Amino acid sequence: MSEVKYSKEHEWIKLDGDVATIGITKHATEMLGDIVFAELPEKGSSVEKDGTAGVVESTKAASDVYTPVSGEVVDTNQAIVDDPSKINQDPEDSAWFFKLKIKDPSEMDTLMNKDDYDKFAKETSA
Amino acid sequence: METKKTSLYQLHQDCNAKFVEFAGYQMPIQYSEGIVEEHKFTRNHSGIFDVSHMGQLFIYGGEDLIKDLEKIFPLDLKNLKLNHSKYSFLMDKDAGIHDDLIITKTNEGFLIILNAACKDNDFKILKELLEDKYKMVLDENRSLIAIQGPKSSEILNDVINGVKDLNFMSGNWFTFENQKVYITRSGYTGEDGFEISIANDFVDQLTRELINKGSKLIGLGARDTLRLEAGLCLYGHDLDKDKTPVEANLKWAISKERISKGDFIGSDIIIKQLNDGVSKIRVGIKPEGRIIAREKTKIFNQSDDHIGEITSGTFGPSVNGPVAMGYVENEFSKKDTKVFLEVRGKKHPASICSLPFYKKSYVKGVN
């Protein structure tokens with residue numbers, strides 16, 4: 001299994017073979033506050049890199065969730081739709097959003113590693 | 001223009017507040033625990049809200065002032081008891097709402113609590129309407145805090161003895177550290193609670209004492225979810241100059257006695273609307289499922305006609321689901337009417353419901 005990569009839109013992505021698991025970062029959940037609603041892409045649908053692939057809402061506002069790579073949605077995490085507070089509790093593990101069968105592995109190269117993302121998150125929230 | 005800070009700014013910082021600019025003030029939107037926890041803590045225990053950005057307008061006068069204010073507000077101020085409060089509105093001649101407010105009769109005249117974003121304009125309007133006959137002070141030297149929730153009476157009474165004997169929508173002068181503080185049993189969360197007007201130099205100390213007794217600071221984020229669950233309007237969203245009190249379903253706040261005379265600003269329109277009905281009216285709206293319909297969401301009927309718009313919508317932590325209010329064409333305003341809300345291009349089912357979403361627990365009579 002490859003290392004976890006991060007996008008500028010605060011998603012994380014973990015590749016296992018040609019299937020990627022995607023969620024939002026802890027930093028994102030801290031900025032959003034209490035998440036009370038989550039909408040995920042439909043299973044079987046295709047999503048394009050940097051396109052909208054879901055929505056999360058806090059008590060304050062709605063935010064789009066983007067996909068950091070292109071692919072076909074092969075699974076979604078119904079548990080976070082049923083109880084969106086799980087996203088605040090465990091964003092970078094059990095509260096993943098969706099899984100993609102990825103189209104182009106080279107898209108992974110455009111993403112940040114953990115150190116770079118942490119730096120990016122710190123700079124952009126300052 | 002530089003944003004203003006309230007006298008509790010340091011305390012907010014000490015409590016790790018996240019700030020937002022609101023009506024020209026740096027205000028805490030939430031603290032470290034977050035909106036949902038703050039909301040629940042208020043409903044179950046006691047929360048303190050810094051509402052010092054709101055206007056505290058003291059108008060000094062006697063019988064003449066009462067008569068003049070009755071030309072402005074649809075209230076029976078003559079028969080209002082000393083230290084009793086009423087919810088009301090400042091209207092234009094078409095009954096459009098400039099602001100909603102709480103007015104209290106004091107021994108020296110009236111105290112009017114105004115919305116932060118409206119207070120300067122309200123002051124100008126009132127000064128003109130009252131023809132400069134009375135001393136009017138929009139007091140910047142006093143802070144205003146609200147303490148709300150079931151434990152608030154006990155907590156505040158421990159610090160300022162006697163407040164627990166106040167009835168809902170009434171107030172009095174008390175002392176704290178030899179300072180005169182004016183306390184009313186009121187608030188805007190749907191919970192029992194108090195609003196405390198106190199000199200800026202003493203509000204930090206009072207608030208810290210209340211925190212030591214078990215209350216907690218609560219941000220504007222939870223204030224919004226609490227008031228929406230309680231079915232209470234937010235000016236600039238649920239109320240504005242294009243809406244009248246009758247359309248806002250607030251006719252309970254208009255004195256019957258005064259309607260029969262009809263001699264206040266906007267009374268022609270109010271009386272006409274009370275007799276003939278209105279074309280749009282404010283209602284509660286409960287989305288099915290978890291979808292949140294926010295302000296400006298379009299409302300459709302079952303034949304797909306556009307019949308109205310959401311004016312406030314969020315997730316209600318105590319209801320544990322989405323809640324909203326908005327204006328719909330009158331014929332679709334009946335409870336349980338099925339409607340559709342357009343969110344991100346899709347229409348989601350919802351129904352018209354009665355307000356509040358969360359049952360109020362005001363203390364009506366403690367004596």
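Residues numbered from 1 in each chain as written. Chains lettered and ligands numbered in written order. Predicted model: local features only at pLDDT ≥ 70, side-chain atom pairs only at ≥ 80, totals over all residues. Heavy atoms only, no water.

J.: Any chance you could explain the interface of chain A and chain B here in plain terms?
T.: Interfaces are frequently sized by the accessible area removed from exposure as the parts join. Taken residue by residue, the interface counts 17 residues in chain A and 15 residues in chain B. Carbon and sulfur atoms make up 47% of the area that chain A and chain B hide from each other, which totals about 1300 Å². Sorting the residues of chain A by area buried against chain B places A:V36, A:T59 and A:K60 first, and these three jointly supply 40% of that buried surface. Counting every contact that joins chain A to chain B gives three salt bridges. With its nearest N and O atoms 2.7 Å apart, the salt bridge here joins B:R294 to A:E57. Taken together, the elements giving at least two residues each to the side of chain A that touches chain B come down to helix 1 (26-32), strand 4 (35-39), strand 6 (52-58) and helix 2 (78-82) of chain A. Residue composition of the side of chain A that touches chain B, by class: eight nonpolar, three polar and six charged. (Contact = heavy atoms within 4.5 Å. Buried area = accessible area lost by both parts, 1.4 Å probe. Salt bridge = Lys/Arg side-chain N within 4 Å of Asp/Glu carboxyl O. Helix = DSSP H or I, 4+ residues; strand = E, 2+ residues; numbered from the N terminus. Nonpolar A, V, L, I, M, F, W, Y, C, P; charged D, E, K, R; others polar.)

J.: Help me out: how do you make sense of the domain arrangement of chain B in this one?
T.: Residue and element names in this part refer to chain B. Here chain B is described as being made up of domain 1 (1-230) and domain 2 (251-353). Between domain 1 and domain 2, the C-alpha centre-to-centre distance is 27 Å. Listed per partner, the contact involves 23 residues of domain 1 and 22 residues of domain 2. Across the domain 1 to domain 2 interface the summed buried area is about 1900 Å²; carbon plus sulfur atoms make up 68%. Area buried by domain 1 at its contact with domain 2 is led by P74, L228 and E229, which between them contribute 30% of it. There are zero salt bridges connecting domain 1 and domain 2. The interface formed by domain 1 and domain 2 contains ten residue pairs in polar contact (both at pLDDT 80 or more). (Domains from an automatic or database assignment. Polar contact = N/O pair within 3.5 Å; in protein donor to acceptor, adjacent residues only side chain to side chain.)

J.: Looking at this structure, how should I read the sheet that holds strand 18 (residues 321-329) of chain B?
T.: Whether parallel or antiparallel, the strands of a sheet pair through hydrogen bonds between backbone atoms. Residue and element names in this part refer to chain B. Strand order in the closed barrel formed by six strands is 15-18-17-16-19-20, and the pairing between neighbours is antiparallel. Shown here is a sheet whose adjacent strand axes are inclined to one another by a mean of 40°, direction ignored. Inspection of the sheet shows strand 16 (residues 298-300) paired to strand 17 (residues 306-316) by three bridges, in the antiparallel sense. The residue of strand 17 that forms the bridge with F300 is H306. (Pairing = 2+ DSSP bridges. Axes fitted to C-alpha atoms, helices over the stretch in contact; angles between N-to-C directions.)

J.: I would appreciate a short explanation of the side chain of B:H53 in the present structure.
T.: Residue and element names in this part refer to chain B. Tracing the sequence through the fold places H53 in the loop between strand 4 (47-50) and strand 5 (55-60). Since its relative accessible area comes to 3%, H53 is described here as buried. Contacts of H53, omitting those with residues within four sequence positions, involve T6, F22, Y25, M27, A116, K119 and L220. (Buried < 20%, exposed > 50% of the residue type's maximum accessible area, 1.4 Å probe, protein only.)

J.: Whenever I open this one, the side chain of B:T104 confuses me. Can you help?
T.: Residues and elements named next belong to chain B. On the secondary structure map, T104 appears in strand 7 (residues 97-106). Within the structure, T104 has its side chain in polar contact with the side chain of S85 (distance 2.8 Å). Filtering out sequence-adjacent residues up to four positions away, T104 remains in contact with N83, H84, S85, G109, F110, L111, Y182 and T184.

J.: Quick question: what am I supposed to make of the environment of B:Y327 here?
T.: Residue and element names in this part refer to chain B. With respect to the secondary-structure elements, Y327 resides in strand 18. On the basis of relative accessibility, which here comes to 5%, the residue Y327 falls in the buried class. When the C-alpha positions of Y327 and E247 are compared, they lie 8.2 Å apart, and in sequence the two are 80 residues distant. At 2.6 Å, the side chain of Y327 forms a polar contact with the backbone oxygen of D238.

J.: I tried to follow the packing of helix 5 (residues 152-159) of chain B against helix 6 (residues 200-212) of chain B on my own but got confused; where do I start?
T.: Two quantities define a packed helix pair, namely the angle between the axes and the distance from one axis to the other. Residues and elements named next belong to chain B. Their axes nearest at 9 Å, the elements helix 5 and helix 6 cross at an angle of 125°. One way to sum up the angle between helix 5 and helix 6 is to call them oblique. Of the two elements, helix 5 crosses helix 6, and the hand of that crossing is right-handed. Between helix 5, through I155, L156 and V159, and helix 6, the contact on the second element is made entirely by L206, E209 and L210. Residue composition of the contact of helix 5 with helix 6, by class: five nonpolar, no polar and one charged. (Parallel < 35°, antiparallel > 145°, perpendicular 65-115°, else oblique. Left-handed = near helix turned anticlockwise from the far one by under 90°.)

J.: Is there a simple way to think about the pairing of strand 6 of chain A in this case?
T.: Regular strands have side chains that alternate between both faces of the sheet. All names here are of chain A. With six of seven residues buried, strand 6 is to be regarded as a mostly interior element. Summarising the sheet, strand 4 and strand 6 pair through four bridges and their orientation is antiparallel. Bridge pairing links I35 to S58 in strand 6. Pairing geometry for strand 6 and strand 7 (residues 62-66), over four bridges, is antiparallel.

J.: Explain the pattern of salt bridges to me, please; I cannot follow it from the model alone.
T.: Working definition: two side chains of opposite charge can pair if their charged atoms are close together. Residue and element names in this part refer to chain B. Per the stated rule, a full pass over the model turns up 29 salt bridges over all chains. Put simply, E229 and R43 hold a salt bridge, and the shortest N to O gap is 2.9 Å. With E229 in helix 7 (residues 220-229) and R43 in helix 2 (residues 35-44), this residue pair connects regions lying 186 residues apart in the sequence. The pair formed by E229 and R43 is uniform in burial state, with each residue classed as buried. Measuring nitrogen to oxygen at the nearest pair gives 2.9 Å for the salt bridge that ties R258 to D263. A relative accessible area of 2% places R258 in the buried class. By relative accessible area, which is 43% here, D263 ends up partly exposed.

J.: Whenever I open this one, unusual backbone geometry confuses me. Can you help?
T.: Backbone phi values are negative for most residues with the exception of glycine, while trans is the configuration of most peptide bonds. All names here are of chain B. Of note, the bond from L355 into P356 is cis; its omega dihedral lies within 30 degrees of zero at 0°. Mapped onto the elements of the fold, P356 is located in the segment after strand 20 (346-353). For M169, which is not a glycine, the phi torsion comes out positive at approximately 60°. Relative to the assigned elements, M169 resides in the loop between helix 5 and strand 11 (171-176). In this structure, R344 takes a positive phi of about 50° despite not being glycine. Structurally, R344 can be placed in the loop between strand 19 (338-343) and strand 20.

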